[in-house]
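Below, each chain spelled out in residue letters.
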Amino acid sequence: MTHYLNPTRESFDFFKSLPRDTPIHMLNLLRYHDFAQYPDGHDNGDKGWSGRRAYEEYGKTSGPIFQRVGGTIVWRGQMEAMVTGPDDKHWDDAFVAVYPHAGCFLEMVTDKEYQEAVVNRGAALIDSRLMRFAPGEVGGGFG
């Protein structure tokens, strides 16, 4: 089974080629390790944290940067059942982060403090997906 934690060079280059001055919504799907997998010698490595706890640390340490660039969470949920899709795919948590424009996301991920905080994300997750969406109309029906 293939797991995804970080973008490939090609996918990140494509992301950067899209308009940077328009609002974006980022769908995050998360699957946690039972126990966080920190690099050898990391300060949090001996704390015995679960993957979920390590992700909470990521949120705590990256949150001020996320807020500084104008990011907000507009939806958050926990998966209960796969209705359409592969039975072997399970996500522990999901959320949608909104950024005023794509440049804000790029500012966040290149911030020095964020680069230090993201180690917690890597230790927390066994698998993830991150998908960029252009915002659409809300309300009404499916069409």
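Here the structure is shown first, and the text comes after it.
This write-up is about the structure you can find in this document. (Residues numbered from 1 in each chain as written. Predicted model: local features only at pLDDT ≥ 70, side-chain atom pairs only at ≥ 80, totals over all residues. Heavy atoms only, no water.)

**Digging into the sheet that holds strand S1 (residues 24-32)**
Here comes step 1: Pairing within the open sheet is antiparallel, and its 4 strands lie in the order S2-S3-S1-S4. Every interior strand has two partners, whereas the edge strands, strand S2 (72-77) and strand S4 (125-133), have only one. Neighbouring strand axes in the sheet, compared pairwise and without regard to direction, differ in orientation by 20° on average.
Here comes step 2: As paired strands, S2 and strand S3 (residues 93-99) are joined by 5 bridges and run antiparallel to one another. Along S3, the bridge assignment pairs Ile 73 with Ala 97. (Pairing = 2+ DSSP bridges. Helix = DSSP H or I, 4+ residues; strand = E, 2+ residues; numbered from the N terminus. Axes fitted to C-alpha atoms, helices over the stretch in contact; angles between N-to-C directions.)

**As for the layout of surface pockets**
Here comes step 1: Estimates place the volume of the largest pocket at around 1200 Å³.
Here comes step 2: Contributing elements (two or more residues each) for the lining of the largest pocket: helix H1 (9-17), S1, helix H2 (51-68), S2, S3, helix H3 (102-109), helix H4 (112-124) and S4.
Here comes step 3: At 9 residues, the largest contribution of residues to the lining of the largest pocket is made by H2.
Here comes step 4: For the lining of the largest pocket, the residue count by class is 25 nonpolar, 11 polar and 9 charged. (1 Å grid on protein atoms, 1.4 Å probe; cavity = no way out; pocket = protein on both sides within 12 Å on 5 of 7 lines; lining within 4 Å. Points joined across faces, edges and corners; volume = space filled by probe spheres on them. Nonpolar A, V, L, I, M, F, W, Y, C, P; charged D, E, K, R; others polar.)

Geometric values such as these leave the question of function open.
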